[in-house]
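Each chain, letter by letter, is given below.
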Amino acid sequence: LSSPLGLSPSDAAVMAVLFTLLRVLLGLFFAVTGVVKLTDRISQDTYSLMCSQFVQFAEVFPLRVVGVEVEPALYQQVAGWVELVAGLLLALGPRRLQELSNFILSIVMMVALFTLLKLQQPLAMCCPAALCLGLLLLLNFRGRGSRAKTE
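Residues numbered from 1 in each chain as written. Predicted model: local features only at pLDDT ≥ 70, side-chain atom pairs only at ≥ 80, totals over all residues. Heavy atoms only, no water.

1. Quick notes on the environment of Gln121
Position of Gln121 among the secondary structure elements: in the loop between α4 (95-118) and α5 (123-150). The sequence separation of Gln121 and Leu84 amounts to 37 residues, and the corresponding C-alpha distance is 25 Å. (Helix = DSSP H or I, 4+ residues; strand = E, 2+ residues; numbered from the N terminus.)

In structure tokens form, the structure reads like this:
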């Protein structure tokens, strides 16, 4: 027996393990980045840098065009909690919540890329957000393919 992609059952099992590992590690990465935005206990320097960056981020918040203004400290707190909770759900939650958190984190990464490009940051500053978005989309499309096979 082979899978629709031409993989042997053992190759398909290895791929499933690798995608699970990617999902868990990516989720834990988001959880850690969320915590770093919420507290200075992990790294005072990083937290201070985040606080100053969110002042800039609030200035180019995408919904400003429709009149939505955000307080930088609140923006940072909301972003931190969203990344923490969605990251944990991506890593450890049930399948439906993994899919929802993937969607939410994808939007967060799109907003991050928009913000960095709007602030005319060097392209290298956009790479982490672009990589995370790419990995989230990979997990999303891989999940859709495996779900379609089981239905």
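2. A word on the packing of aromatic side chains
As enumerated under the stated definition, the model contains 4 aromatic pairs in all. For the ring pair Phe54 and Phe57, a centre distance of 5.0 Å and an interplane angle of 70 degrees mean the geometry is edge-to-face. Linking Phe54 with Phe57, this pair stays in helix α2 (residues 44-59), spanning 3 residues, or about one helical turn. Residues Phe54 and Phe57 agree in their burial class; the two are buried. A ring pair is formed by Phe61 and Tyr75, whose centres lie 5.1 Å apart and whose planes are at 80 degrees; its orientation type is edge-to-face. Of this pair, Phe61 sits in the loop between α2 and α3 (72-92) while Tyr75 sits in helix α3, and the two are 14 residues apart along the sequence. Residue classification places Phe61 among the buried positions, given a relative accessible area of 14%. (Phe/Tyr/Trp six-rings, centres within 6.5 Å; stacked < 30°, edge-to-face > 60°. Buried < 20%, exposed > 50% of the residue type's maximum accessible area, 1.4 Å probe, protein only.)

3. Looking at α4
Its 24 residues give α4 an end-to-end C-alpha distance of 34 Å, which sits within 8% of 34 Å, the value for a rise of 1.5 Å per residue. Considered for burial, the residues of α4 that qualify are Gln98, Ser101, Asn102, Leu105, Ser106, Met109, Leu113, Thr115 and Leu116. Gln120 sits one or two positions beyond α4 and adopts a positive phi of about 55 degrees. (Expected span 1.5 Å × (residues − 1).)

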